[in-house]
Structures are given as C-alpha cells and as structure tokens.
Amino acid sequence: MIREWIIFLIFTLNFSASALVPLESILLGDFEEKYSKESADPFDYLFLQKVELPGKMSEKRDLTIYRGYYEEAINLQKSCREDYQLAYPTPWQEDQVKRSLFATLQYIGLDITIRAIPQYAKYFEFSRDEYTNLVDGLVGNYCSKNLSLISLKQLKRNLFSKFDNENNFKLPDISENSLFPKSVATLATQDDIKEREFSKTLELFKTFCSWGGDIDNLRLMVPLIKSPIIYAQLIRQLTNEKLEWNKNSRNVFKIKNSSTVQVLCEGLICRKTDANEFYKKFPTSVGHKSYDDDLSRLYCKEVRDYEYKIAGQAPKIAKKIKTMSFDEENLLISQFIALQTGMPALFVRANNYSRGKEFLRASVDKTWDQWAMNQIDKFKGEVYYEEPLSVELVDRALYYRNFLPDFKVHFDVNLGELDRTNQIVGKLSTKFNLNFSRKFIRWARNEWINLDPRDQKRKDELFHKMKLRIEPVVENIRSKFPYPPWDGRLDIIIRDEILEQISKYRGNHFDQDEAGMINIPVYINFAPYALKYLRYEYNVEQNQKKSKRDEKLFKLNSMEVKK
C-alpha cells in the first residue's frame with residue numbers, strides 16, 4: 001500500500017511540470033562536480049563533528065547538543081526588546097544581508113534534502129525510472145528558475161548522483177540509542193515511519209527550491225526563516241560557530257569552527273565562500289558591535305514577523321500557501337531539524353498528536369524502569385530485616401574457661417535472625433588489643449571480688465581507672481572503620497566483661513607478683529548480612545560526598561563558562 005501511494009505521488013508531481021518563472025538560472029561554476037566529490041557530511045558543519053567517545057558518552061553528547069538547539073532559540077527570543085533598532089548605511093547593503101541569510105538557509109536545506117531524498121527512495125526500493133519521475137516532478141513543478149546557487153540541470157544531476165552512487169547520509173534514527181525508550185522507536189512500523197518522514201522531506205525540498213532570490217517574497221521558506229531554532233542556527237553558520245558541550249556540567253556553549261556554511265550575495269548572485277572573503281564583504285550595521293548582534297537584531301526587528309505573500313504568487317506556490325496550516329509548518333520545521341541532527345521528529349512519525357502522551361509516558365517509564373533494575377542489581381541477594389544493625393556480646397561460655405588465663409572479649413555484629421543463628425562461627429573477624437600491666441589487672445581483680453556493692457566511691461574509682469585504659473583505644477579503633485558498626489559506650493561493656501572474667505578465674509596466674517604486660521584481645525565478628533548492610537551504608541555516604549563534589553565542580557565550571 002505504501003509503495004503504491006508513493007508511485008501515485010510521483011505521477012502527481014510529474015503532471016504538468018511547468019517553470020515557475022521563465023528566467024535563466026545563474027550558474028556559478030560546475031557545482032555538481034564539486035558537490036559530488038565533497039566528502040564533508042552536513043552533520044560536520046551543522047550539528048557536530050563526529051568523534052569517538054566511550055560508552056554512552058557519545059549519545060549523551062549528541063542529545064545535549066540537540067538540546068542546545070532549543071536553548072539557543074530561547075536565548076534568541078529573550079534577546080528581543082521593543083526598543084531594538086537596526087540600520088545599515090544603505091538599503092542595498094541591508095538587502096544583501098537578508099539575501100545572504102536566506103541563501104544560506106536555502107543552501108543548507110538543498111544540501112540536506114538532496115542527500116536525504118535518495119536515501120528514502122532507496123529504502124522504498126525505487127527503480128531508476130521511478131526515481132527519475134520523482135525528480136522531474138519536484139524540480140519541474142516547484143523549483144524557481146531564478147535559483148542562484150545552482151542551475152536546475154545541475155540540481156537534478158546531484159539528485160541522481162546521490163541516488164546512483166554511494167550515499168553515506170544517515171536518516172534520523174534512535175533505534176540503537178540507549179538514552180531513548182525502545183517503545184518510542186516502535187510507535188509505528190518502519191514503513192509507516194519512513195513514509196511520513198519521506199513525505200515531509202519532499203515538502204522541505206519544494207520549500208527550499210521555490211525561493212528565487214527575491215527578499216520580499218520568500219515563498220514557502222517563510223515558516224522556516226521565522227523559526228527561532230533555525231534562525232539561531234543560521235547565525236551560528238554565518239559567524240563560524242558551533243555548539244559544544246561540557247561533559248561534567250552538561251552545559252552547552254559555542255565554539256569557533258571554520259567549516260560552517262557562509263553564502264555571500266552580491267546583487268542577485270550568491271555563492272558559498274570562505275570566512276575571510278565573507279567578513280571582508282558582508283555588510284555591517286550602523287554602530288556595529290558584532291555579526292551575531294546584527295543578525296539577532298534583524299530577527300527581532302523584522303524576520304520574526306514575516307508573512308506569506310499571496311498576491312502575484314505562482315499558482316502552485318499560492319495553492320500550497322493557502323493550504324499550509326500551523327501544524328504543517330511545525331512538522332516541516334521538526335523534520336528539518338531531525339535531518340540535521342539525526343534525532344527523529346516524533347510527531348512526524350506519529351499518527352496524531354495524542355501520541356504525545358505516549359512519548360512522555362515512555363520516557364518516564366524508562367527512567368523508573370532503569371532505576372528499578374539498577375536497584376535490583378545493586379541489592380541482589382541482600383535481605384534486610386526490620387531489626388536494626390546491632391553489636392552483641394557473645395556468650396562467654398563459647399570461648400572462656402575459668403581455669404585458663406586466656407582472657408578475651410567477643411562481639412558479633414548482626415542484622416536479623418539469620419545472622420544470630422550462629423555466634424562467632426561463619427563470620428568475618430577482626431580484633432584489637434587492650435594492654436594492661438599485670439599489677440593493674442591483679443589490683444582490679446581483687447577490687448572487684450572484694451567490692452561492697454554499697455561502696456559507690458570505691459566502685460567509681462575502679463571504673464574510672466578502667467575507663468582511662470579502655471576508652472581511648474576503643475574510640476581510636478572506631479574512627480578507623482569506614483562505617484563504624486556501633487554508637488555509644490562499647491568500652492563499658494568491655495570493662496564489665498573483663499572484670500567478670502578475671503574475677504571468675506580460678507587458676508594461679510595472679511598468685512605471683514610478676515611485672516610486665518598482659519594483652520586482652522577484643523574480637524569483632526561481622527555476620528554476612530550485617531557486612532552487606534555496612535557496605536551499603538558506606539556506599540551511600542560516598543555517593544553523598546561525590547554529589548557534593550560534583551555540585552561544587554558544576555558551580556566552578558558554570559563560573560568558567562560565564563567568564
């Protein structure tokens with residue numbers, strides 16, 4: 001069905017192919033030969049230079065600069081003020097500025113559509129005869145005989161050259177772009193999508209080819225030149241600027257680039273030129289500050305208010321103008337931007353505007369789906385219970401023998417009932433040592449054994465001396481953990497456990513009054529789920545620190561860009 005529709009379109013275009021204006025075209029050299037051999041891709045002078053970037057970085061760069069197209073348009077609109085004035089030394093100079101601006105748009109539009117049309121035709125498997133009918137209909141019915149950039153004969157030769165030879169121009173596509181939801185790329189069948197894009201691309205070709213150099217009659221180019229997105233892009237072309245991004249801040253900024261398109265018009269003759277020649281001859285306004293400022297003022301003062309001209313218009317053009325709707329204008333603008341950037345115009349692909357809800361919903365769903373999958377991968381195998389993380393004293397019956405002078409303290413770090421199934425066994429252990437003099441331990445043992453529970457002063461003195469020897473060590477050890485497993489006075493629990501163990505000892509270790517030191521190790525045994533939880537908490541803390549660093553870096557980069 002699609003193929004039959006396209007063949008019908010070809011015969012419709014080919015019917016009654018009469019010239020719009022019977023004037024000779026001005027041919028400036030063998031444009032076709034230069035154009036056919038030219039290796040420069042429109043992406044290189046319009047959107048961005050292709051560079052190899054790792055991972056998703058290239059996709060992020062493309063999408064960021066695509067966003068920059070719209071941000072620059074907003075900046076252009078915001079720059080307009082009611083008191084904006086613009087004047088050139090002579091009306092002729094002002095006309096040359098306008099003609100050069102419009103011719104640059106025409107050059108870019110023809111360059112892109114001449115490359116895109118053959119690609120769409122090849123997708124639909126056009127035969128050479130079918131493609132010839134299509135080209136004859138387009139050029140014969142809609143191209144002005146006043147084209148200054150290229151003759152109609154050369155224009156057709158280039159359309160055939162891109163069809164007959166290898167054409168590397170890439171049509172808009174996000175099927176392999178990981179930043180877009182897969183569902184967006186499948187809103188319709190590929191044939192339906194390509195059909196709608198092809199139709200709009202043919203309309204774009206008619207639009208650009210219809211203009212014959214008259215600055216007071218832009219014909220079908222009116223909505224395109226009025227678009228702040230396209231006009232801002234024209235300013236960048238004429239001022240040798242392109243958009244680039246900052247990968248840290250995701251900001252878009254402009255850089256100088258000598259490969260942009262600059263078409264210079266002298267009288268009715270327009271030709272693509274280099275930057276030196278362009279700036280030497282391109283007129284400047286009275287009180288000129290910069291070319292960017294001149295062109296922005298021209299947009300605000302005049303271009304944004306352009307309207308179609310109906311009176312005296314060629315019949316076919318007049319008919320198209322009368323049937324042109326606001327929606328159709330915006331779809332053409334969207335397709336033109338899509339062909340420049342490779343980012344498809346989703347509304348062009350869709351059947352109706354109600355599909356916009358699906359675009360938005362698909363993007364939101366993708367964001368949350370991706371977050372959910374990341375969380376699943378991150379917490380895979382982790383089971384958290386309602387109980388909090390706890391540091392628990394191990395029952396001394398598991399390791400303590402009161403007839404051996406092997407004093408030590410064990411703690412288990414647990415999270416939930418599964419961690420508590422075993423004590424010590426199956427856990428990752430670490431330890432630190434508490435050093436006491438033998439004389440002090442003997443004294444503390446005797447004090448604790450002989451302590452009268454009513455003698456609070458004597459008890460406080462014992463506890464104070466134990467605290468002086470235990471608390472600094474415990475606090476020092478706690479500070480070395482990336483994420484400490486305990487809060488509060490662990491030293492008190494250690495103190496009480498040591499006093500209990502040495503008081504219950506029944507050997508002769510303390511009978512002799514020997515000098516020297518005694519080491520009492522304190523073991524901390526991490527259960528599996530507790531260990532995973534601590535790692536999670538540590539990662540959260542590190543991510544928070546990283547976010548603060550990124551925010552600080554973002555502010556610094558923003559300040560640098562503003563400078």
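Here, every reference points to the structure presented above.
Residues numbered from 1 in each chain as written. Predicted model: local features only at pLDDT ≥ 70, side-chain atom pairs only at ≥ 80, totals over all residues. Heavy atoms only, no water.

Student: What's the story with the overall build of the chain in this structure? I'm lost.
Tutor: Helix and strand counts for the chain come out as 20 helices and 8 strands. Across the 563 residues in the chain, those meeting the buried criterion constitute 47%. Contacts spanning at least 24 positions in sequence make up 78% of the contacts within the chain whose residues lie at least 6 apart. For the chain, the computed accessible surface area is about 29,400 Å², with 52% contributed by carbon and sulfur atoms. (Helix = DSSP H or I, 4+ residues; strand = E, 2+ residues; numbered from the N terminus. Buried < 20%, exposed > 50% of the residue type's maximum accessible area, 1.4 Å probe, protein only. Contact = heavy atoms within 4.5 Å. Areas by Shrake-Rupley, 256 points an atom, 1.4 Å probe, with all protein chains shown as cover.)

Student: Would you explain the sheet that holds strand β7 (residues 428-437) in this entry?
Tutor: Strands sit in the order β5-β6-β8-β7 across an open sheet of 4 strands; the sheet is mixed. The outermost strands of the open sheet, each flanked by one partner alone, are β5 (390-393) and β7. Taking the axes of each pair of neighbouring strands and ignoring which way they run, one obtains an average angle of 25 degrees across the sheet. Across 5 bridges, the pairing between strand β6 (residues 409-414) and strand β8 (residues 517-526) is parallel. (Pairing = 2+ DSSP bridges. Axes fitted to C-alpha atoms, helices over the stretch in contact; angles between N-to-C directions.)

Student: Looking at this model, I keep getting lost on a nonpolar patch on the surface. Mind explaining?
Tutor: On the surface, L360, V364, W368 and W371 cluster together into a nonpolar patch covering about 470 Å² of accessible area. Examined against the element boundaries, W368 turns out to sit in helix α16 (residues 356-379). (Patch = residues over 30% accessible without salt bridge, like charges linked within 9 Å, V, L, I, M, F, W, Y side chains within 5 Å. Salt bridge = Lys/Arg side-chain N within 4 Å of Asp/Glu carboxyl O.)

Student: How should unusual backbone geometry be read in this particular structure?
Tutor: Most peptide bonds take the trans configuration, and most residues that are not glycine carry a negative phi. The backbone phi angle of R219 is positive, close to 55 degrees, even though this residue is not glycine. Mapping R219 onto the fold places it in the loop between α8 (190-209) and α9 (222-226). Overall, R219 belongs to the buried group, its relative accessible area being 9%. In this model, N240 sits at a positive phi of 55 degrees, which is unusual for a non-glycine residue. Here N240 is to be found in the loop between α10 (228-238) and β1 (241-245). Judged by relative accessible area, N240 falls into the buried class, the value being 6%.

Student: Where do I start with the state of the cysteines in this structure?
Tutor: By definition, a disulfide links two cysteine residues through a covalent bond between their sulfur atoms. Applying the stated criterion across every chain yields a total of 3 disulfides. Two residues share a disulfide in this structure: C80 and C300, whose sulfurs sit 2.0 Å from each other. What sets the handedness of the C80 and C300 disulfide is the S-S torsion sign, and at about -75 degrees it is left-handed. Here C80 is found in the loop between α4 (57-79) and α5 (91-123), whereas its partner C300 is found in helix α12 (residues 291-301), with 220 residues between them in sequence. You can call C80 buried: its relative accessible area is 15%. You can call C300 buried: its relative accessible area is 5%. Numbered in order of appearance, the disulfide-bonded cysteines of the chain are paired 1-6, 2-3, 4-5. (Disulfide = S-S within 2.5 Å.)

Student: Hey, could you run me through the pattern of salt bridges in this one?
Tutor: Side chains carrying opposite charge are able to pair once their charged atoms draw close together. According to the stated counting rule, one finds 33 salt bridges in the structure shown. One salt bridge in this structure joins D111 and R115, with 2.9 Å as the shortest N-O distance. Of this pair, D111 and R115 are both found in helix α5, 4 residues apart, which corresponds to roughly one turn of the helix. Exposure class is identical for D111 and R115. Each is buried. Residues K427 and D412 are paired through a salt bridge, measuring 3.0 Å at the closest nitrogen-oxygen approach. Separated by 15 residues along the polypeptide, K427 in the loop between β6 and β7 and D412 in strand β6 bring together distant segments of the chain. Note on K427: relative accessible area 13%, which makes it buried.

Student: Would you mind showing me how to read the packing of aromatic side chains here?
Tutor: What characterises a pair of aromatic rings is the spacing of the ring centres plus the angle enclosed by the ring planes. As enumerated under the stated definition, the model contains 24 aromatic pairs in all. Here the aromatic rings of F124 and F198 are separated by 6.1 Å at their centres, their planes lie at 15 degrees, and the arrangement is stacked. Residue F124 is found in the loop between α5 and α6 (128-142), and its partner F198 is found in helix α8; the two are separated by 74 residues along the sequence. Residue class for F124 comes out buried when judged on its relative accessible area of 8%. (Phe/Tyr/Trp six-rings, centres within 6.5 Å; stacked < 30°, edge-to-face > 60°.)

Student: Sorry, what's going on with the nonpolar core here?
Tutor: Here is a general trend for soluble globular proteins: nonpolar side chains tend to be buried in one another's company. Counting 94 residues, the largest nonpolar core has Y131, L155, F205, I225 and Y231 as the members making the most contacts within it. Looking at this core element by element, the count peaks at 14 residues for α5. What Y231 contacts, discounting residues up to four positions off in sequence, is L76, L101, I225, L295, L298, Y299 and V303. By size, the runner-up hydrophobic cluster in this structure holds 37 residues, among which are A444, I477, F526 and A527. (Core = buried A, V, L, I, M, F, W, Y, C linked by side-chain atoms within 4.5 Å.)

Student: Quick question: what am I supposed to make of the pairing of β1 here?
Tutor: Along any regular strand, the residues point their side chains to alternate faces of the sheet. β1 sits mainly inside the fold: 5 of its 5 residues count as buried. Covered by surrounding structure in β1 are E241, L243 and W245 together with K242 and E244, the residues of both alternating faces. Both β1 and strand β2 (residues 252-256) contribute to a ladder of 5 bridges, which runs antiparallel. Residue pairing in the sheet places W245 in a bridge with V252 of β2.

Student: What am I meant to see in the packing of α10 against α12 here?
Tutor: Helix-helix packing is characterised by the crossing angle of the two axes and by the distance between the axes. Direction vectors running N to C along α10 and α12 enclose 155 degrees, while the axes themselves pass 10 Å from each other. Our classification of the angle between α10 and α12 gives roughly antiparallel. Handedness of the α10/α12 crossing: right-handed. Between α10, through P228, Y231, I235 and L238, and α12, the contact on the second element is made entirely by D292, L295, S296, L298 and Y299. Residues that form the contact of α10 with α12 fall into these classes: 7 nonpolar, 1 polar and 1 charged. (Parallel < 35°, antiparallel > 145°, perpendicular 65-115°, else oblique. Left-handed = near helix turned anticlockwise from the far one by under 90°. Nonpolar A, V, L, I, M, F, W, Y, C, P; charged D, E, K, R; others polar.)

By themselves these figures say nothing about function.
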